[in-house]
Each structure stands twice: as C-alpha cells, then as structure tokens.
Amino acid sequence: MERTFLMIKPDGVQRGLVGEIIKRFEAKGFTLVGLKFMAVSKELAEQHYDVHKERPFFQGLVEFITSSPVVAMVWEGEGVVASARKIIGATNPLNAEPGTLRGDYGMDVGRNLIHGSDAIETAQREIALWFTDSELVNWGPTQKPWLYE
C-alpha cells in the first residue's frame, strides 16, 4: 500500500474545515494511519519547504505555516498520492475544478487549505519529516477487502 502526507494548513483549521477535509479522504476509502494537531516550528517549516528556499515566496510560506495550528496526516491506499492530488485540486483555487477541496473552499493561492505530497518519493520524505515510525499505526479497516480484492 502506498502512503501520502497531507497537511491541513492554518486557513483550513481556522475556517473549521478539518472534518470536511478528512471526510473526503475517508469517503474515498483511504485509511488514516497518522494524525497530529500541532503548532509548526520555524525549523520544521523551513525543512518542509526546503525545495523553495531560493524562491522569493519562501519566507511567506514559512510565516504562514507557523501562524496557526495545522493538522498533519498520513493516508494509505492504492494510488493514494495521485488520487489525493485530484481530491485536493489545482494549487490556485481559481483554477481548481468544482468538487475538489480547493475548488469548493479555496479562496487564494496563498491560502489554499491543504498540502499534499506530489510524488511517492516526496511523500516518503515528508512522512519521515513530520512523523516517527511509532506515530504511525499499521492497521486494516474491515472494508479493505471490499475496496481492494
């Protein structure tokens, strides 16, 4: 089973969309294996956005992600990385399709509700950055045979 990292950003938390966002992934049939409600340190934010450190918007990303709590999550399922990106929608909510999280709830590219890993390798790096092995639960919901076999 593939895993991905998702994070409900400060605007999603502040707007009370945590339950709605989690509901979308549960309804799709993915398995939640890690969940944290947390304040993000500047160090963790800088590590997470390291790929953007040379870009002019890097400092704004760090400031935003540390401005309020986030919900960090690990989800598991077949094709979960690509599927999660479709559920999330385009980075700019103005370009996101209706029915996606950003299409339905997003207001601005700088406040786009949720982060999702863009590739399996990225997901592995981000999961290791945000979670220890002991914080992830290996389990199988009873619906798994109805979804995958």
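Here is what the cut-offs are and how they apply
- Residues numbered from 1 in each chain as written.
- Predicted model: local features only at pLDDT ≥ 70, side-chain atom pairs only at ≥ 80, totals over all residues.
- Heavy atoms only, no water.
- Helix = DSSP H or I, 4+ residues; strand = E, 2+ residues; numbered from the N terminus.
- Contact = heavy atoms within 4.5 Å.
- Lys, Arg positive; Asp, Glu negative; His and termini not counted.
- Charge placed at Lys NZ, Arg CZ, Asp CG, Glu CD.
- UniProt positions renumbered as here; feature names shortened; annotations may be inferred.
- Buried < 20%, exposed > 50% of the residue type's maximum accessible area, 1.4 Å probe, protein only.
- Arc of directions from axis to C-beta.
- Pairing = 2+ DSSP bridges.
- Axes fitted to C-alpha atoms, helices over the stretch in contact; angles between N-to-C directions.

J.: Where do I start with the overall build of the chain in this structure?
T.: In terms of helices and strands, the chain carries eight helices and four strands. For the chain, the α and β elements follow one another from N to C terminus as β-α-α-β-α-α-β-α-α-β-α-α. Long-range pairs, those at least 24 residues apart, make up 78% of the contacts in the chain with a sequence separation of at least 6. Distance between charge centroids for the chain: 3 Å, based on 16 positive and 20 negative side chains.

J.: Any chance you could explain the UniProt feature "binding site: ATP" (unreviewed entry) in the chain here in plain terms?
T.: Mapped onto the present numbering, the UniProt feature "binding site: ATP" (unreviewed entry) falls at Lys9, Phe57, Arg85, Thr91, Arg102 and Asn112. Positionally, Phe57 belongs in the loop between α3 (42–48) and α4 (58–65). Sequence-distant contacts of Arg85, that is, excluding residues within four places in its chain, are made with Gly116, Ser117 and Asp118.

J.: Explain the side chain of Thr4 to me, please; I cannot follow it from the model alone.
T.: Tracing the backbone shows Thr4 in strand β1 (residues 2–8). You can call Thr4 buried: its relative accessible area is 0%. Contacts of Thr4, omitting those with residues within four sequence positions, involve Met73, Val74, Trp75, Val80, Val81, Ala84, Ser117, Ala123 and Ile127.

J.: Looking at this structure, how should I read the environment of Leu61?
T.: Position of Leu61 among the secondary structure elements: in helix α4. A residue is classified by how much of its surface remains accessible, and Leu61, at 22% relative accessible area, is partly exposed. A C-alpha to C-alpha distance of 17 Å links Leu61 and Gln14, two positions 47 residues apart in sequence. In this structure Leu61 touches Tyr49 and His52, once residues within four positions along its chain are discounted.

J.: Before we go on, may I ask you to explain the UniProt feature "domain: Nucleoside diphosphate kinase-like" (unreviewed entry) in the chain in this structure?
T.: Mapped onto this numbering, the UniProt entry gives "domain: Nucleoside diphosphate kinase-like" (unreviewed entry) at residues 1–138. The annotated region residues 1–138 carries 41% helix and 19% strand content, and the separation between its end C-alpha atoms amounts to 11 Å.

J.: Is there a simple way to explain helix α7 (residues 120–130) in this structure?
T.: What sets the pattern is the α-helix's 3.6 residues per turn: residues three or four places apart point alike. Of the residues making up α7, those classed as buried are Ala123, Glu126, Ile127 and Trp130. Buried residues in α7, looked at end-on, bunch into an arc of 105°, giving them a common side. Of the exposed residues in α7, those oriented more than 90 degrees away from the buried face are Glu121, Gln124 and Ala128. On its buried side, α7 packs onto β1, β2 (31–38), α3, β3 (70–77), α5 (80–88) and β4 (114–116).

J.: Sorry, what's going on with the pairing of β1 here?
T.: A regular strand places its side chains so that they alternate between the two faces of the sheet. Burial analysis of β1 places six of its seven residues in the buried class, which makes it a mostly covered element. Where β1 lies against β4, three bridges are found, and the strand directions are antiparallel. What sits directly across from Met7, in β4, is His115.

J.: Which parts of the structure should I look at to understand the sheet that holds β3?
T.: Sheets are built from strands that pair by backbone hydrogen bonding, the pairs being arranged parallel or antiparallel. Read across the open sheet, the four strands follow the order β2-β3-β1-β4; overall the sheet is antiparallel. Each end of this open sheet is capped by a strand with a single partner; those strands are β2 and β4. Pairwise comparison of adjacent strand axes, ignoring direction, gives a mean angle of 15° for this sheet. The strands that helix α2 (residues 18–28) touches are β1, β2, β3 and β4; relative to β3, the one it contacts most, it runs at about 5°. Seen against the sheet, α7 touches β1, β2, β3 and β4 and runs at an angle of roughly 60° to β1.

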